[in-house]
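Examining the three-dimensional arrangement
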Amino acid sequence: MTLPRSIGLVEVGPRDGLQNESATVPVPVKVEFIRRAAAAGLRRIEVASFVSPRRVPQMADAEDVMRALPRQAGLRYIGLVLNRAGFDRAAAAGCEEIGMVVFTTDAFNERNQGTTTDGAIRAWHEIAAAARTAGIKAQVTISAAFGCPFEGEVAPERVVGIAQQVAEAGPFEIAVADTIGVAVPGQVSEVFGRVAEALPGMALRGHFHNTRNTGLANAYAALLAGAGTLDASLGGLGGCPFAPAATGNIPTEDLVYMLGRMGIGTGVDLGRAIEAARYIEQQVGHPVPGMLLKAGPFPGAARPAAAKSA
Ligand code: MG
């Protein structure tokens, strides 16, 4: 397999990242964070989830965030939805794109969205049809594709089977996600390879958490296996409410550094991405996992402020 010359990125920090902060980040801070992400060149940004505010209080301000965000041609704000009611809210709020999530196991679907895997697939079909009618781009993520905290190992055949079922609803892209950060590169190669083989021509996206320090290696394996887009979060914010130690998506700026040095374009300005990561680190008030924030890029055109002092 050969590597692509350029790939797409989805910035998930404002949703997957901030959702896992114990304190809710105020709307103006979220809006400024998203504005900085867009200014760094990120063109698809997951800005909120339209779910029950009782279950996820950090996302209760989804409509307020959408209302305050500046709109720009070519910039897509993504709303995460889990059912038809959530889709209707995201559509009313003006999301240019929606993402739905189907977990690989009944146990995880039950915990996250109160349904079985089959129920989640049915909900996705309903959402996809509504999105088509509304003219909103729709994609779906197969979550816990490399392991489930409740049911353990997940067979690649199971991921392929779900991918075939969700593909029937016509998503423009399918993401395969290591929600709890347990995947290793060999597994990523196999799962992405099998899904690509089963669904020729389908755009594939990878979503990795760096919980066990395999995130960037998994991202590289996914690119080699045919993924054209990767999720990442500025600063490496993120986690999973049902996997208490699943800290951190792969950091956007660390990924952009790695890809840039490999000659793979992302359209993202590394210096601005580092600045956006530094902004959100200051706002959440605790250190974030991203490493470019500490080490700075190489060659060192955009040295981080902390590294300037002698
Ligand atoms: Mg995640």
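Above this text sits the structure in question.
A short tour of the structure in this document, coming up. Please read all numbers here as calculations on a predicted model, not as lab measurements. (Residues numbered from 1 in each chain as written. Predicted model: local features only at pLDDT ≥ 70, side-chain atom pairs only at ≥ 80, totals over all residues. Heavy atoms only, no water.)

**Notes on the sheet that holds strand 2 (residues 44-50)**
Ordered in space as 1-2-3-4-5-6-7-8, the eight strands form a closed barrel in which the pairing is parallel. The sheet shows a mean angle of 30° between the axes of neighbouring strands, taken without regard to direction. Strand direction decides the pairing type here: strand 1 (residues 8-11) and strand 8 (residues 229-232), joined by four bridges, are parallel. In the strand pairing of strand 8, Val 10 is matched with Asp 231. Of the strands in this sheet, strand 1, strand 2 and strand 3 (76-81) touch helix 2 (residues 27-39), which is tilted by about 155° from strand 2. Contacting strand 4 (97-103), strand 5 (137-143) and strand 6 (174-178), helix 7 (residues 156-167) crosses the sheet at an angle of about 165° to strand 5. (Pairing = 2+ DSSP bridges. Helix = DSSP H or I, 4+ residues; strand = E, 2+ residues; numbered from the N terminus. Axes fitted to C-alpha atoms, helices over the stretch in contact; angles between N-to-C directions. Contact = heavy atoms within 4.5 Å.)

**Some points on unusual backbone geometry**
Phe 298 connects to Pro 299 through a cis peptide bond whose omega is -10°. The backbone phi angle of Ala 144 is positive, close to 55°, even though this residue is not glycine. Residue classification places Ala 144 among the buried residues on the basis of a relative accessible area of 0%. Although it is not a glycine, Asn 213 sits at a positive phi angle of roughly 65°. By the element assignment, Asn 213 lies in the loop between strand 7 (204-208) and helix 9 (215-224). On the basis of relative accessibility, which here comes to 65%, the residue Asn 213 falls in the exposed class. (Buried < 20%, exposed > 50% of the residue type's maximum accessible area, 1.4 Å probe, protein only.)

**Topic: a nonpolar patch on the surface**
A surface patch of nonpolar side chains, amounting to about 230 Å² of accessible area, comprises Leu 3, Tyr 220 and Met 262. Mapping Leu 3 onto the fold places it in the segment before strand 1. Note on Leu 3: relative accessible area 31%, which makes it partly exposed. (Patch = residues over 30% accessible without salt bridge, like charges linked within 9 Å, V, L, I, M, F, W, Y side chains within 5 Å. Areas by Shrake-Rupley, 256 points an atom, 1.4 Å probe, with all protein chains shown as cover. Salt bridge = Lys/Arg side-chain N within 4 Å of Asp/Glu carboxyl O.)

**What to know about the packing of aromatic side chains**
Counted by the stated rule, this structure contains four aromatic pairs. Each ring, one from Phe 146 and one from Phe 208, has its centre 6.3 Å from the other, and the planes form 40°; the classification is tilted. Of this pair, Phe 146 sits in the loop between strand 5 and helix 7 while Phe 208 sits in strand 7, and the two are 62 residues apart along the sequence. Accessibility classification places Phe 146 together with Phe 208 in one group, the buried group. Geometry around Phe 172 places Lys 137 over its ring, the cationic atom sitting 4.8 Å from the centre. (Phe/Tyr/Trp six-rings, centres within 6.5 Å; stacked < 30°, edge-to-face > 60°. Lys NZ or Arg CZ within 6 Å of the ring centre and 35° of its normal.)

**Quick word on the pairing of strand 1**
Inspection of the sheet shows strand 1 paired to strand 2 by two bridges, in the parallel sense. Residue pairing across strands places Glu 11 opposite Ile 45, the latter belonging to strand 2.

**Here we look at the pattern of salt bridges**
Enumeration according to the criterion identifies 17 salt bridges in this entry. Of the charged contacts in the structure, one is a salt bridge between Arg 15 and Glu 46, with a shortest N-O distance of 2.7 Å. Remark: Glu 46 occurs in strand 2 and Arg 15 occurs in helix 1 (residues 13-17); sequence separation between them is 31 residues. Among the ionic pairs, Arg 71 bridges to Glu 96, the shortest N-O distance being 3.1 Å. Of the two residues, Arg 71 is situated in the loop between helix 3 (62-68) and strand 3 and Glu 96 in the loop between helix 4 (84-93) and strand 4; the sequence distance between them amounts to 25 residues. Judged by its relative accessible area of 41%, Arg 71 falls in the partly exposed class. A residue is classified by how much of its surface remains accessible, and Glu 96, at 26% relative accessible area, is partly exposed. Taken together, the shared-partner salt bridges in this structure form one network comprising Arg 44, Arg 76, Glu 97, Glu 173, Arg 205 and Asp 231.

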